[in-house]
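Commentary on secondary and tertiary structure
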Number of protein chains: 2
Amino acid sequence: MKIQSRWDGAETVCTFTPRSCHTAIPGYVYGGLIASLIDCHGTGTAAAAAYRAEGRAMDSQPPLRFLTASLQVDYLRPTPIGVPLEVRARIEEVKGRKVTVTATVSAGGEVCAKGRVVAVQMRERAIGS
Amino acid sequence: MKIQSRWDGAETVCTFTPRSCHTAIPGYVYGGLIASLIDCHGTGTAAAAAYRAEGRAMDSQPPLRFLTASLQVDYLRPTPIGVPLEVRARIEEVKGRKVTVTATVSAGGEVCAKGRVVAVQMRERAIGS
């Protein structure tokens, strides 16, 4: 998605402006894009929290990487095309290598979708193999 | 997604081959793509079932369109890049304008992810407004 996520207190935030190629019904974003934003920002948030917990910079070695174990998205209202979407996430639970992240996607201050990502940290030796 | 779905008995099926731009960890597809495939094929399946129930061709008027109300995806194993993925769906329940579709995504005959889409048929007057 090429999104850049940053911390904002206990939350992480990123923005993304959907283009016409992301259309479902004319004027509105397709559900898969919203799911992708929540997946991408959610696993990124899980990784950011893991680096923060270890007091490490995000470009330090070895890399901490997370894969999606499950994704749930509820679409509350149609999401408009062409305006910036704000994706906010927070850590709900950390249980060993499994991190649960909740997220919202808003347009113009209105929440259009909310979701939950369960991300699992990969074992180091599995990376790149 | 530009996928083409077709009926195969009581199921619908489509195939999609992920490219390098769909990478999460090297060699594997990111979760959002899987979610997008299930969303896209799932809402398409809901629409196909609605046309079939009315005995109509899919290009007949007025159009029957569905929006995603919720999406749930469980990732069972990493999904490889570069091989065709088969997405299969079936109607689980039709309740008024709400259709629940279950789906699987397989690579080389192994199920990599399974999902459930709740799709809601748009009211005709809302389309294009």
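Quick look at the structure, then. All values derive from a computational prediction rather than experimental measurement.

**Details of the overall build of chain A**
Secondary structure summary: chain A contains one helix and six strands in total. N-terminal to C-terminal, the α/β element order of chain A is β-β-α-β-β-β-β. Computed over the C-alpha atoms, the radius of gyration of chain A is 15 Å, within 12% of the 14 Å expected from 2.2 N^0.38 for a compact globule of 129 residues. If you take every contact in chain A between residues at least 6 apart in sequence, the share linking residues at least 24 apart comes to 62%. For chain A, the exposed surface amounts to about 6500 Å²; the carbon and sulfur share of it is 49%. In chain A, 16 side chains carry a positive charge and 11 a negative one; their mean positions are 4 Å apart.

**As for the relation of the copies chain A and chain B**
Once chain A is rotated about the relating axis by 180° and shifted along it by 0.0 Å, it coincides with chain B to within an RMSD of 0.0 Å. The two molecules are tied by a two-fold rotation axis, judged by turn and shift. Within chain A, glutamine 72 of chain A has its C-alpha nearest the rotation axis, a separation of 2.2 Å. In this assembly the copies share their binding face: 100% of the residues contributing to the interface of chain A also contribute to that of chain B.

**Quick word on the sheet that holds strand β5 (residues 98-107) of chain B**
The strand order β1(A)-β2(A)-β4(A)-β5(A)-β6(A)-β3(A)-β3(B)-β6(B)-β5(B)-β4(B)-β2(B)-β1(B) describes an open sheet built from twelve strands, whose pairing is antiparallel. The sheet is open, and its two edges are formed by β1 (6-8) of chain A together with β1 (6-8) of chain B, each paired on a single side. On average, each strand axis in the sheet is inclined to that of its neighbour by 30°, with strand direction left out of account. The sheet contact formed by β5 of chain B and strand β6 (residues 110-121) of chain B spans ten bridges and is antiparallel. Each residue of the ladder has a partner; that of serine 106 of chain B, found in β6 of chain B, is valine 111 of chain B. Where helix α1 (residues 31-53) of chain B meets the sheet, it contacts β3 (66-75) of chain A together with β1, β2 (11-16), β3 (66-75), β4 (85-95), β5 and β6 of chain B, and its direction lies at approximately 135° from that of β3 of chain B.

**A few points about the nonpolar core**
If you look at the biggest cluster of nonpolar residues, it comprises 62 residues, and the most contacted ones within it are Ile34, Leu71 and Val73 of chain A together with Ile34, Leu71 and Val73 of chain B. For isoleucine 34 of chain B, the residues in contact, after removing those within four places along its chain, are Val29, Val73, Tyr75, Thr79, Leu85, Val105 and Ala113 of chain B.

**A closer look at the interface of chain A and chain B**
At the interface, 22 residues of chain A touch 22 residues of chain B. Summed over both sides, the interface of chain A with chain B buries roughly 1800 Å², with 61% coming from carbon and sulfur. Of all residues in chain A, the largest losses of buried area upon contact with chain B belong to Ile25, Leu71 and Tyr75 of chain A, amounting jointly to 28% of the total for that side. Counting across the interface, chain A meets chain B through zero salt bridges. The interface formed by chain A and chain B holds eleven residue pairs in polar contact (both at pLDDT 80 or more) in total. Those elements giving two or more residues to the side of chain A that touches chain B turn out to be α1 (31-53) and β3 of chain A. Looking at the side of chain A that touches chain B, the element that brings in the most residues is β3 of chain A, giving nine residues. Two elements, β3 of chain A and β3 of chain B, share five bridges in a ladder whose sense is antiparallel. Bridged to aspartate 74 of chain A within β3 of chain B is serine 70 of chain B.

**What about α1 of chain B?**
Residues and elements named next belong to chain B. Taking 1.5 Å as the rise per residue, α1 with 23 residues should run 33 Å; its terminal C-alpha atoms sit 33 Å apart, in good agreement. By the criterion of burial, α1 is predominantly enclosed, with 19 of the 23 residues buried. In the segment just after α1, glycine 55 is the residue with positive phi, at about 65°.

Cut-offs and rules
- Residues numbered from 1 in each chain as written.
- Chains lettered and ligands numbered in written order.
- Predicted model: local features only at pLDDT ≥ 70, side-chain atom pairs only at ≥ 80, totals over all residues.
- Heavy atoms only, no water.
- Helix = DSSP H or I, 4+ residues; strand = E, 2+ residues; numbered from the N terminus.
- Rg over C-alpha atoms; globule rule 2.2 N^0.38 Å.
- Contact = heavy atoms within 4.5 Å.
- Areas by Shrake-Rupley, 256 points an atom, 1.4 Å probe, with all protein chains shown as cover.
- Lys, Arg positive; Asp, Glu negative; His and termini not counted.
- Charge placed at Lys NZ, Arg CZ, Asp CG, Glu CD.
- Least-squares fit on C-alpha atoms with pLDDT ≥ 70 in both.
- Pairing = 2+ DSSP bridges.
- Axes fitted to C-alpha atoms, helices over the stretch in contact; angles between N-to-C directions.
- Core = buried A, V, L, I, M, F, W, Y, C linked by side-chain atoms within 4.5 Å.
- Buried < 20%, exposed > 50% of the residue type's maximum accessible area, 1.4 Å probe, protein only.
- Buried area = accessible area lost by both parts, 1.4 Å probe.
- Salt bridge = Lys/Arg side-chain N within 4 Å of Asp/Glu carboxyl O.
- Polar contact = N/O pair within 3.5 Å; in protein donor to acceptor, adjacent residues only side chain to side chain.
- Expected span 1.5 Å × (residues − 1).

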